[in-house]
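Descriptive structure summary
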Amino acid sequence: MDQIPTGIRRRLLLTGAAGAGGAAALGLHGTAHASGSGARALADAAPPAGPVAVTPANQQYPDLVRALNARYVAKPESVRVVDAPAQVAPIVAEAARAGKRLTIRSGGHCLEDFVYNPQTQLILDLSKMNGVYYHSRLNAIAVEAGAQLLDVYEKLYATWGITIPGGICYSVGIGGHVSGGGWGMLVRRDGLVVDHLYAVEVVTVAADGTVTTVVATREANDPHRELWWAHTGGGGGNFGVVTRYFFRSPGATGTDPRNLLPKPPGEVLFSAVSWSWSDLTKEEFVRLVRNYASWHVANIGGDSPTRFLTSFLLLNHRSNGQIGMVTQVDAAAPDARGMLDAYLAHMSAGINTEPGALTEQMGDISAMPQFAAPRRLPWLQATRFAGTTNPLLNDPTLRAEYKSAYMRADFPPRQAEALYKHLTRTDIDNPKINIQLTPYGGRTNKVREADTALPHRGAAFKMLWSVLWNEPAEDAKYIAWTRESYEETYADTGGVPVPNAVTDGCYINYPDADLGDPLRNRSGVSWATLYYKGNYRRLQQVKARYDPGNFFRHRQSVELPTP
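Residues numbered from 1 in each chain as written. Predicted model: local features only at pLDDT ≥ 70, side-chain atom pairs only at ≥ 80, totals over all residues. Heavy atoms only, no water.

A word on the side chain of Asn 320
Looking at the element boundaries, Asn 320 is found in the loop between strand S12 (309-316) and strand S13 (322-330). When sequence neighbours within four positions are dropped, the list of residues in contact with Asn 320 reads Glu 360, Gln 361, Met 362 and Pro 431. (Helix = DSSP H or I, 4+ residues; strand = E, 2+ residues; numbered from the N terminus. Contact = heavy atoms within 4.5 Å.)

Here it is in structure tokens:
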């Protein structure tokens, strides 16, 4: 097994009993490219601290059994904190032998109760397993599943001048982010994060309880290629425990890490503007959202010269006072400033209200008045700024409800009017309510639907209902507002954005348990189709092969195929 020929499949099979020694011997743990006495000295200087079992008797237990969303708190028998990939398999084997309900935490950002729920008996906490290093055997950048996005960006860029086109929020864990498809500010320029995924290391459980660690690559002759494919948008908690991702862009050549992944922009033009709610008429609001939609539909192409621009439109509830927009352009793109100016002019077309500074917090975006006139910033500074301006990430009372939609076309008037109706309702006065219109298209559009588990390659932009509050007594009110506004927007298709010429389903990384409730989803289209479209049956076959006992499961996990 130690000999892995160059140019053919590179895989690893370890039983759960193999433990740390087996993984380290095969160079698939830690700094795999190091060797000799230097590697031993490094290991001696920084031994793993885990695994550690935290139980209700330990002081830190309450901090380890809750999600970022304070609505979700579990009471497991223990939390197992790991800080090295080889520590995972023995814990999974223990849970499988005992028949314990195991859930997995990476960053704690799951938008539903899939990790923290009353059935959870053991939480496997990967958040301290966060290494980022070059892996010589796979000729790829290894990222352990507990790494947070900003730490990944800073390590990749400071060390090799490269990046992956992942998300914005700094503290999102890479484990669930990548398995669900992963996108961010570079989505139109460089595609989804999974478009650069070369391999994935997964701890799986067979029907007889045997635990195996599998490295699956995108190589055409890899017998585990389908497991790699399932992690390009199949969602977390479905097939096993991801311990590491290995990134190398398709077409990358050589063994120099500096050439294995995209180089981000050296500098960006960063703009933040707003429109005052008090000045907007209903007709102007409708024009504004349709301006955003029409630009993204017209510029969906993978080779569009505008793929270097990404923009977020933040439709806040009227009580916020403003609607905001944050835009970033690769400053090295041809006529970057002209591209930005043309986009801002397009967004203001037909609207008498002049855009001004963004001076209000908008959901998870802080006020940014200093960017009312575009500023030129180094890419990493802009990325750090955009990802860490969110004070809500440190609010222990945060409660939230979310919904999503992919859009293929401009808003029909009825949809735009429904957005206006609910964002101007007077029975709600929460300024932290917003519906975000977020960029898509560009390089995402160059990949075929079946090439990755995430199928929404024809979408022009995406939407996120983000409703935030602080008091448990207000749960019912804000959950009801979210449901009512969403279901009326998509009333013509049963209350959900079914795949058709206008809408294209939902984003698995914004999971929504309501999609499985026939009282809320009246379309006759299953939650699985909304997330996966025609790829679901293939995901079920992967599930049958790698998790035939349905050990890894939650309320919307991939189901085993019916006989």
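Considering the pattern of salt bridges
Applying the stated criterion across every chain yields a total of 34 salt bridges. Measuring nitrogen to oxygen at the nearest pair gives 3.3 Å for the salt bridge that ties Asp 410 to Arg 290. Residue Asp 410 is found in the loop between strand S16 (399-407) and helix H11 (413-423), and its partner Arg 290 is found in helix H8 (residues 282-298); the two are separated by 120 residues along the sequence. Linking Glu 474 and Lys 477 is a salt bridge whose minimum nitrogen-to-oxygen distance equals 3.7 Å. Overall, the relative accessible area of 26% leaves Glu 474 in the partly exposed class. (Salt bridge = Lys/Arg side-chain N within 4 Å of Asp/Glu carboxyl O. Buried < 20%, exposed > 50% of the residue type's maximum accessible area, 1.4 Å probe, protein only.)

A word on the side chain of Asn 117
Mapped onto the elements, Asn 117 comes out in the loop between strand S4 (102-105) and strand S5 (122-125). At 3.4 Å, the side chain of Asn 117 forms a polar contact with the backbone oxygen of Phe 114. (Polar contact = N/O pair within 3.5 Å; in protein donor to acceptor, adjacent residues only side chain to side chain.)

Quick word on the environment of Phe 551
By the element assignment, Phe 551 lies in the segment after helix H14 (536-546). The buried category is assigned to Phe 551, whose relative accessible area is 12%. Between the alpha carbons of Phe 551 and Thr 103 there is a distance of 9.8 Å; along the sequence they are 448 residues apart.

A short note on the packing of aromatic side chains
One pass over the full model with this rule turns up 25 aromatic pairs. Look at Phe 270 and Phe 371: their rings are 4.9 Å apart centre to centre, the planes differ by 70°, and that puts the pair in the edge-to-face class. Here Phe 371 lies in the loop between strand S14 (356-357) and strand S15 (375-378) and Phe 270 lies in strand S11 (residues 267-276), a separation of 101 residues in the sequence. Consider the rings of Trp 277 and Tyr 420, whose centres lie 6.1 Å apart with planes at 50°: the pair is tilted. Here Tyr 420 lies in helix H11 and Trp 277 lies in the loop between S11 and H8, a separation of 143 residues in the sequence. Each member of the aromatic cluster is reached from another via a ring pair, and the members are Tyr 406, Tyr 440, Tyr 507 and Tyr 510. Seen from the ring of Phe 371, Arg 375 lies directly overhead, with NZ or CZ sitting 6.0 Å from the centre. (Phe/Tyr/Trp six-rings, centres within 6.5 Å; stacked < 30°, edge-to-face > 60°. Lys NZ or Arg CZ within 6 Å of the ring centre and 35° of its normal.)

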